[in-house]
Amino acid sequence: MTKARTYVLAAGGTGGHMVPAAALGVELASRGHHVVLVSDDRGVRFPGLFEDVETHVLPAGRLGGGPLGWFRAAGKMMAGRSMALKLYKELEPSCVIGFGGYPALPSLLAAFRLGVPTIVHEQNAILGRVNRFVGDRVSAIATSYEKVERMKKGWAAKTHMVGNPVREAVLALRSRPYPMLDEEGIFRVLVTGGSQGATILSQVVPDGLALLPVHFRRRMQVTHQARIEDIEHVRAKYQAHAIPAEVATYLPDLPEHLAWAHIVIARAGASTISELTAAGRPAILVPLPSATDDHQTANAREITEAGGARTIAQRNFTPTELAKQIQKLGLEPQSLENAAKRAWSCGRPNAARDLADLVESIDAPTAPVGVRKAALSGREAFA
């Protein structure tokens, strides 16, 4: 049995970073390790992810806003790094695991300064900016796809494909069969735009579903996550089309909604793709065009090529196109079930386990504890 260690998870910002960090935390804790979350003020707001985990909030700037914005961001980064250095003096972590995004950077910089081993996990099919920035210095890079763009050839030896960890509640759906759908049964549609919702889905989906054949539309049941400013408009649209719909800004029981969904209409964020493939649910995907490096389009490629989803660029996302793609994906029960199997085939259910194995395999810190502590009292250089 591996000796109990302390591991720091550095994640913040969006659910796309927080969910896999939480899943890894659960796995490491189940192995007897002490797990600590270092995040920003946004990351700690996600309910139900780190309720029993020691948590520390550090400042983390985001580059942007011209020279003045960069200066302010650098100041926050260095302040966060200094706080992380002090924290590591107390924790003596065996490894720091970053999950991309600017909130992870101060924690990683502090680990570099002290010689603490580091791992970064990339959820997307294109390596993110922060992970590219630290790629030369980290001990290992964990990826969610076999092919990840923006990777240096020199990193191949320390790159490990593990998948993107998902919540246990979603992973449990993998062993449940695709919900039965006969000619008279209710056809359940789940619409979700991620943690922030998506106005474009609210504008297009109700009208697109209304274009489906009448006999199909009459037995449809929709659950639609929408922005708070879009809710009344969306409800009115469904009512006008006589389509029963539950509309809400937040779906705390999303795994249960996913369990009974026959088709999902969603963005193509990393967590969304991982959950669709873990559960095996066919989907219509509309990648966020403003996503950095257009990584959502890359995320959608594998499940789409496998036949488990249809991808529509936002510029082409119209009610007519949505209705057409839903019918291509399959309105017949057997066609939908086949698409579900193809989505399921893309899943990587052992991602949390494999990532935890990688974390445990990293050697102990390269600098003796006394040396690392002494470094804290000296003048710190930017790492």
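Structure shown above.
Residues numbered from 1 in each chain as written. Predicted model: local features only at pLDDT ≥ 70, side-chain atom pairs only at ≥ 80, totals over all residues. Heavy atoms only, no water.

## Topic: the packing of aromatic side chains
Logical step 1: One pass over the structure, following the stated rule, counts 1 aromatic pair.
Logical step 2: Taking the centre distance of 4.4 Å and the plane angle of 65° together, the rings of F187 and F216 count as edge-to-face. Of this pair, F187 sits in strand β8 (residues 187–192) while F216 sits in helix α7 (residues 214–217), and the two are 29 residues apart along the sequence. The residues F187 and F216 share a single accessibility class, namely buried.
Logical step 3: Over the ring of W344 we find R174; its NZ or CZ atom is 3.8 Å from the centre of that ring.
Logical step 4: Lying over the aromatic face of F216, R219 brings its terminal NZ or CZ to 4.6 Å of the ring centre. (Phe/Tyr/Trp six-rings, centres within 6.5 Å; stacked < 30°, edge-to-face > 60°. Helix = DSSP H or I, 4+ residues; strand = E, 2+ residues; numbered from the N terminus. Buried < 20%, exposed > 50% of the residue type's maximum accessible area, 1.4 Å probe, protein only. Lys NZ or Arg CZ within 6 Å of the ring centre and 35° of its normal.)

## Some details on the packing of helix α6 (residues 199–210) against helix α8 (residues 231–240)
Logical step 1: Running from N to C, α6 and α8 point in directions that differ by 5°, and their axes come no closer than 9 Å. Considering the angle they form, α6 stands roughly parallel to α8. Of the residues in α8, those in contact with S202, V205, P206, D207 and L209 of α6 are H233, V234, K237 and Y238.
Logical step 2: Classifying every residue of the contact of α6 with α8 gives 5 nonpolar, 2 polar and 2 charged. (Axes fitted to C-alpha atoms, helices over the stretch in contact; angles between N-to-C directions. Parallel < 35°, antiparallel > 145°, perpendicular 65-115°, else oblique. Contact = heavy atoms within 4.5 Å. Nonpolar A, V, L, I, M, F, W, Y, C, P; charged D, E, K, R; others polar.)

## Considerations on helix α14 (residues 351–361)
Logical step 1: For α14, the full list of buried residues reads A351, A352, L355, A356, L358, V359 and E360.
Logical step 2: Elements that come into contact with the buried residues of α14 comprise β1 (6–10), α1 (15–30), β4 (95–98), β5 (118–122), β6 (140–143) and β7 (159–161).

## A look at the sheet that holds strand β11 (residues 263–266)
Logical step 1: Read from one edge of the open sheet, 6 strands run β10-β9-β8-β11-β12-β13, paired in parallel fashion. Since the sheet does not close on itself, it has two edges, and those belong to β10 (245–248) and β13 (309–311), each with one partner. The mean inter-strand angle of the sheet, taken between neighbouring strand axes irrespective of direction, is 15°.
Logical step 2: In this sheet, β10 lies alongside strand β9 (residues 220–225) in parallel orientation, the contact comprising 4 bridges. Bridge assignment links V222 to a residue of β10, and that residue is A245. (Pairing = 2+ DSSP bridges.)

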